[in-house]
Every structure is written in C-alpha cells, then in structure tokens.
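A closer look at the structure
Chain residues, written in single-letter form:
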Amino acid sequence: MMELFSLPPSDKRKQYELRALALRDFAGVASAEPLDPFALAQFAKLLVVDFDQIKGLSEESREHLLGAGTEEWSGGACSQPLPNGWRIVILNPAHGTHRNRATLMEEISHVFLGHKPNRLAVVDEGRNPIVREGAQRAKVAARDYNKSDEEAAYAIGAAALVPYAALRQLVFGGRTAEQIARRFHVSRQLVEYRIKVTHLWAIHKGASTSRPQHV
Ligand SMILES: [Zn+2]
C-alpha cells in the first residue's frame, strides 16, 4: 500500500514516479538509498564504453568533443546493436560521474519503457559531433526519440535517481540541494530540477533562507 505523500502532486509526475519506483524496485535499492545506473545498465543490455576506447577518433575531434564542443553532447546509445543484442553507450567524461549517471539513467529508462527510436543514423552536425567521423558514421550515430519519449525517459530516470518520498523528507528536514545531491550521488542541478517538478521548491527555499545549514 502506498504511504501518504509518497507520490508527487501532479498526475503526470505520479505516473513518472510509479515507473521510477518500479525501476528502483527492480534494482533492489531501499527507498532512501542511491541507485547505481552502472549496475542497472546490464539489465537493459547497455554496455558502457569508456570514451578513450573509441577507435578512429582524430585528435582534433577528441579535443573538440571534450573542449569547445563538450556542452553539445552528454552521451547516448549507439543506433546499431552489437551481434549479441547489446547496445554501446558512450558518456561524456568531461561532464563528471554525477552528470554521467543521469545520462545513463535516461538511456536505461528508454530501454525499460520500450521506446522506439524515431530516426536512426541521424547526421546532425551541430548536436552530435561524433557522427561526423567518416567510416564510423553509421555505427556511432546516436539514437533519437520523439519529444514526449525524451521527456519521459529523462524525468523517470531523474525520479529513479532521486525518488520523491525521500526527497520530500529531506527537503522538509531542511537539507540543502547540495547535501541531497551528495546523498544520491547526483548533481545539485538534478536535485533542484526534482525539487521544482515535484512542487517542493517553496519549502526548499523557505528552509534554505530561514535556517542555518547543517550537515
Ligand atoms: Zn533520450
């Protein structure tokens, strides 16, 4: 039976939260514990490959992807599965583990939600610099989903990382976004996003301005 206040107020968020909780349940993590997407990835048949292991990238591309172009990509799953059915996921190492966890969680959500990519082998020069690599083009083109699937996968992934019931308790307990982020091994930005979409922002703001910070 659902506890009171264990789901966020809006209908859309309730649906997202239920799917996120199912993912957490599947992963076997307790309600206030951090979820490790890297452990969950195998069940979605996603193989996380280190950026440095990508063959055929020129030094120039490598520098662009990790330097000037680093905000243009966070990572994604490759469009072509491996012969064993697994898909390769590449994460942007310049974004750090916390952001990588959210990106990977989104990819896992796409798989568990059964989303079908609407375009394959998209060559989008601006958004997806990896696909410009000549011979590797077809193999490394990232998957793309329609807008509502993208929204759902991101939102459910974020909810799986920072579940509402625990978040609510921590916000009401006066914890800062930074403290909550450390607890769930995610970025402060992700925690703030979760606080906003679950309508806890007013409580959070009140707590952070009226109380001294404590650990
Ligand atoms: Zn996505």
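Residues numbered from 1 in each chain as written. Predicted model: local features only at pLDDT ≥ 70, side-chain atom pairs only at ≥ 80, totals over all residues. Heavy atoms only, no water.

**Considering the coordination of the zinc ion**
Let me state the cut-off plainly: Here a donor is an N, O or S atom found within 2.8 Å of the metal, or within 3.2 Å if the metal is Na, K or Ca; sites may look incomplete because water is not among the atoms. Helical segments are the DSSP runs of H or I of at least four residues, strand segments are the runs of E of at least two, and each set is numbered from the N terminus.
In this structure, Glu-106 (OE), His-110 (NE2) and Glu-150 (OE) serve as the protein donors to the zinc ion, at separations of 2.0 to 2.2 Å. Sequence positions of the donors to the zinc ion reduce to the motif E-x3-H-x39-E. Separated by 40 residues along the polypeptide, His-110 in helix α4 (residues 96-112) and Glu-150 in helix α6 (residues 147-161) bring together distant segments of the chain.

**Things to note about the sheet that holds strand β3 (residues 87-91)**
Short version of the rule: Two strands pair if DSSP finds at least two bridges between them. An axis is simply a line fitted to the C-alpha atoms; with a helix, the fit covers only the stretch in contact. Between two such axes, the angle follows the N-to-C directions and lies from 0 to 180 degrees.
Taken together, the three strands give an open sheet; going across it, the order is β1-β3-β2, and neighbouring strands pair in mixed fashion. The sheet is open, and its two borders are formed by β1 (46-49) and β2 (75-77), each paired with just one other strand. With direction set aside, neighbouring strand axes in the sheet form an average angle of 20°.

**Quick look at helix α1 (residues 11-27)**
Quick reminder of the rule: Expected span of a helix, by definition, is 1.5 Å for each gap between consecutive residues, and there is one gap fewer than residues. We call two residues in contact whenever any of their non-hydrogen atoms come within 4.5 Å of each other.
Between its first and last C-alpha atoms α1 spans 24 Å; for 17 residues at 1.5 Å apiece the expected length is 24 Å, and the two agree. Taken together, the buried residues of α1 touch α2 (37-40), α4, α6, α7 (164-172) and α9 (188-197). Gly-28 lies just past α1 and shows a positive phi near 75°.

**Quick notes on the nonpolar core**
Our working rule: For the purposes of this section, nonpolar cores are sets of buried Ala, Val, Leu, Ile, Met, Phe, Trp, Tyr and Cys residues that join through side-chain atoms within 4.5 Å. Each residue is placed in one exposure class: buried if its accessible area under a 1.4 Å probe, protein chains only, is under 20% of its type's maximum, exposed if it is over 50%, and partly exposed if it falls in between.
One finds Met-105, Ile-108, Leu-167, Val-186 and Val-191 to be the most contacted residues of the largest nonpolar core, which totals 37 residues. Tallying contributions element by element places α6 first for this core, with seven residues. Setting aside its immediate chain neighbours within four residues, Val-186 contacts His-98, Leu-161, Val-162, Ala-181 and Val-191. Core analysis: the second largest hydrophobic core is formed by seven residues, Phe-51, Leu-65, Trp-73 and Ile-90 among them.

**Side note on the side chain of Glu-107**
Looking at where Glu-107 falls in the secondary structure, it is placed in helix α4. Residues in contact with Glu-107, not counting those within four places in the same chain, are Leu-46, Gly-76 and Ala-77.

**Regarding the confidence of the model for the chain**
To be explicit about the condition: As a per-residue quantity, pLDDT reports the predictor's confidence and falls between 0 and 100.
Of all residues in the chain, 82% have pLDDT values of 70 or greater, and the mean over the chain is 85. Taken element by element, the predicted model of the chain shows its lowest mean pLDDT in helix α5 (residues 137-140) (38) and its highest in α9 (98). Confidence drops under a pLDDT of 50 for residues 120-140, and excluding neighbours within four residues, the segment shows 36 contacts in the predicted structure.

**Digging into the packing of α6 against α9**
Just so we agree on the cut-off: Oblique is the label for any angle not covered by the other classes, which are roughly parallel (under 35 degrees), roughly antiparallel (over 145) and roughly perpendicular (65 to 115).
Between α6 and α9, the shortest axis-to-axis distance is 10 Å and the interhelical angle comes to 105°. Taken as axis vectors, α6 and α9 run roughly perpendicular relative to one another. Counted together, Tyr-154, Ala-155, Ala-158, Ala-159 and Leu-161 of α6 and Leu-190, Tyr-193 and Arg-194 of α9 form the full contact between these two elements.

**Remarks on the packing of aromatic side chains**
Definition in use: Ring pairs shown here join Phe, Tyr and Trp side chains whose ring centres sit within 6.5 Å, with only the six-membered ring taken for Trp; geometry is labelled stacked below 30 degrees between planes, edge-to-face above 60, and tilted in between. In this scheme, Lys NZ or Arg CZ marks a charge over a ring once it lies within 6 Å of the ring centre and within 35 degrees of the ring normal.
All told, the structure shown has four aromatic pairs when counted by the stated rule. Centroid distance Phe-26 to Phe-43: 5.2 Å. Interplanar angle 90°. Geometry classified as edge-to-face. Of this pair, Phe-26 sits in helix α1 while Phe-43 sits in the loop between α2 and β1, and the two are 17 residues apart along the sequence. By relative accessible area, Phe-26 is classed as partly exposed at 48%. Ring centres of Phe-51 and Trp-73 lie 5.6 Å apart, and the angle between their planes is 35°; this geometry places the pair in the tilted category. Note that Phe-51 is positioned in the loop between β1 and α3 (59-66) and Trp-73 in the loop between α3 and β2, a separation of 22 residues in sequence. Exposure remark for Phe-51: the relative accessible area of 1% places this residue in the buried category. Sitting over the face of the ring of Phe-172, Arg-168 holds its NZ or CZ atom 4.4 Å from the ring centroid.

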